[in-house]
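# Observations on the model geometry
Here is what each chain is made of, one letter per residue.
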2 protein chains.
Amino acid sequence: MTSADVARVAGVSRATVSYVLNDTPHQTISAATRTRVLDAAAGLGYAPSAAARALRTGRSDVVLCLLPDWPIGPEIGTLLGNLSTELARSGLTFVAHPGSRADRPITDLWKAITPAAVLAFTDFSAAEVGAMRAAGVALVVGLLGRELEIPQQHVGRLQAGHLTAAGHTALGYAYPDDERVRIFAEPRLRGARSGFPDLSVRVVPLNPEAAAVAVRQWREEGVTGVCAYNDEVAMAVLAGMRREGLDAPGDLAVIGVDDIPAARLAVPALTTVTTDQAVVAAHLAETVVAEIYDRTLPARELTEVVRVVRRESA
Amino acid sequence: MTSADVARVAGVSRATVSYVLNDTPHQTISAATRTRVLDAAAGLGYAPSAAARALRTGRSDVVLCLLPDWPIGPEIGTLLGNLSTELARSGLTFVAHPGSRADRPITDLWKAITPAAVLAFTDFSAAEVGAMRAAGVALVVGLLGRELEIPQQHVGRLQAGHLTAAGHTALGYAYPDDERVRIFAEPRLRGARSGFPDLSVRVVPLNPEAAAVAVRQWREEGVTGVCAYNDEVAMAVLAGMRREGLDAPGDLAVIGVDDIPAARLAVPALTTVTTDQAVVAAHLAETVVAEIYDRTLPARELTEVVRVVRRESA
DNA sequence: CTGTTAGCGCATTCAG
DNA sequence: CTGAATGCGCTAACAG
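What you are looking at is a predicted structure, and each value in this text was computed from that prediction instead of being measured.

## Focus on empty space enclosed by the protein
By rolling a water-sized probe across the atoms, one finds the places where empty space is left. Considering all chains together, one arrives at five cavities of 30 Å³ or more under this definition. Lining the largest cavity are 16 residues; nearest its centre among them are A:Ala112, A:Ile113, A:Thr114, B:Ala112 and B:Ile113. Those elements that place two or more of their residues in the lining of the largest cavity are helix H4 (50–57) and helix H6 (106–113) of chain A together with helix H4 (50–57) and helix H6 (106–113) of chain B. Residue composition of the lining of the largest cavity, grouped by class: twelve nonpolar, four polar and no charged. Of the voids in this model, the second largest cavity is the one considered here, and its volume is about 110 Å³. A:Met235, A:Leu238, A:Ala239, A:Leu265, A:Ala266, A:Val267, B:Met235, B:Leu238, B:Ala239, B:Leu265, B:Ala266 and B:Val267 are the residues that line the second largest cavity. Looking at the lining of the second largest cavity, the elements with two or more residues in it are helix H11 (231–243) of chain A together with helix H11 (231–243) of chain B. Its residues assigned to classes, the lining of the second largest cavity comprises twelve nonpolar, no polar and no charged.

Shown next, in the form of structure tokens:
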């Protein structure tokens, strides 16, 4: 099933087939032959060979996303799913590559895929970006340095805002223990700080004993509300409090991020900040598509996509 | 950077380069030229064009995994990461495609990637399998129908075993509310039943009120221990118990599956069953590699990879 | 407006 | 053991 078959059935040349199938600009094709080609293609169930096209154009229609090496939660999972759906609408195929960059030099990766775009959460080095662009990759982007930075900051701002609105005047920030999520944690912390500069930041590991230590220290400082990096850290704070015989929100108010399923199951049910991943995905997709097809896009800030889910802990 | 460049630098023909780089059988190359070629390739940083190779051979070295449309947790995430690492070791590139099949007919997908193998959690229809195989995909496999079936069953068996070993004689099973995870839930339930046929199965939604209802009913039946589909469902049971003023494990023992981070943070800390994803991934990778390269493999059952993490709830 | 042609980079015969 | 030649399916110049 090649384009030659379609050409034969439609009674035109292969070039003509290529033109109508690709909507090649500056090539006007008569409506008659156009439909003839389209019908033939549909009738034969023709699908172009991605390999041949990639070889010829030096670029496939695959968008490759490099996943971070820390375990991704359902939030990111949802984001990727939505992104995939959005990109499919534009004929782009979204795939994600898990596993750290250490296993496989990223050059191997994009040489194996020849993607139209490469996305990643962490930033690329200048050398990496250069190499990819030189190889024909249209778009190379570190999500967190750009697209996701603003909403992440806003998450932190919302947390602090919720707490101060509830009358808290001394706040703590529960920072994650895992070095690998720094890139997510930093903008969130920045956001919280922008609304409340005097945050008392403490690292809170994901176990009750260690969390209890942090809780004790916050209490000594007079802190009455804490913003947690995410729901898991928030649950650790809750567990630490329980060990100290403290109750949320009375003794210490706690607010998380993500609204993972376990959040509503926590004791007390966790107040948290959730992100509308569908909107974020749509925006991301728009950016990617525009870049690949060399269109420009009106700048727009993603700030309406996060909101507080009020439950019991704050 | 083409194979011609390598040939020129090494002072041999392109065919020779191809031979040594692919370890072509029935072609003996002198060790001298072999190293000369290898050195030249390394020196130039040569990487073969995946597109050209795919066009020529009709198959890329990409292993495509179709993700289910329900949100994947950190467990599956870890599995995929490990699988990626293992496959990379054999020169295979692992990518995952999120998003439901509804968005994008899977034919589009493998035509865009020409993968060496396609993996999925759910099963493929006979027609789909046929089309893929005809298109040159070496391996098409529904993970849960085959490779993952046994360990999943063993998970259920372990849960029931742990509870009966602790002296419980009337057990319940907390089945997930989400239709989409049936394919995971069924083998786990089967496993639990195989060890304890009289299980009282109840659907437990992920909210405390609904869970409380199930808890009440189990209590009325005299159930003293419940196996939950996963940690989230287990936490729902715990939340339901709390609403009823009940304590685990005294009033009702609860055991989950997955050992998500929140499990150790639950109140009481959740006893659960964990899977050694590294071993599972290694086994899966072995299977895939063997199939792609047409080797056969000794059958081996994955049964030693799950174990109970004993905490407080059971 | 449509057809002809020339490679993209590679693996693979077939001769040497 | 190595070199030259062929074509995978497609797109982009270039002719007509």
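There is more to say, and it comes next.
## Points about the layout of surface pockets
In this structure, the second largest pocket occupies an estimated 1800 Å³ of space. Contributing to the lining of the second largest pocket are 48 residues, with B:Asn22, B:Tyr46, B:Pro48, B:Ser49 and B:Arg53 lying nearest its centre. Contributions of two or more residues to the lining of the second largest pocket are made by H4 and H6 of chain A together with helix H1 (3–10), helix H2 (14–22), helix H3 (31–44) and H4 of chain B. Classifying every residue of the lining of the second largest pocket gives 26 nonpolar, twelve polar and ten charged.

## Re the domain arrangement of chain A
Splitting chain A by domain gives domain 1 (3–48), domain 2 (57–143 + 278–302) and domain 3 (148–276). Between the C-alpha centres of domain 1 of chain A and domain 2 of chain A the distance comes to 31 Å.

## Overview of the protein's contact with DNA strand D
As a matter of local geometry, DNA strand D sits amid 26 residues, with A:Ser3, A:Arg14, A:Tyr46, B:Ser13 and B:Thr28 nearest to it. In DNA strand D, the atoms that sit within 4 Å of the protein are 64% sugar and phosphate, with bases accounting for the remainder. One of the side-chain nitrogen or oxygen atoms of A:Tyr46 is found 2.4 Å away from a phosphate oxygen of DNA strand D. Elements that contribute at least two residues to the surface near DNA strand D include exactly helix H2 (14–22) and H4 of chain A together with H2 and H4 of chain B. Broken down by element, the residue count for the surface near DNA strand D peaks at five residues, all from H2(A). Partitioned by chemical class, the residues of the surface near DNA strand D number ten nonpolar, twelve polar and four charged.

So, how was this worked out
- Residues numbered from 1 in each chain as written.
- Chains lettered and ligands numbered in written order.
- Predicted model: local features only at pLDDT ≥ 70, side-chain atom pairs only at ≥ 80, totals over all residues.
- Heavy atoms only, no water.
- 1 Å grid on protein atoms, 1.4 Å probe; cavity = no way out; pocket = protein on both sides within 12 Å on 5 of 7 lines; lining within 4 Å.
- Points joined across faces, edges and corners; volume = space filled by probe spheres on them.
- Helix = DSSP H or I, 4+ residues; strand = E, 2+ residues; numbered from the N terminus.
- Nonpolar A, V, L, I, M, F, W, Y, C, P; charged D, E, K, R; others polar.
- Domains from an automatic or database assignment.
- Near = heavy atom within 4 Å.
- Polar contact = N/O pair within 3.5 Å; in protein donor to acceptor, adjacent residues only side chain to side chain.

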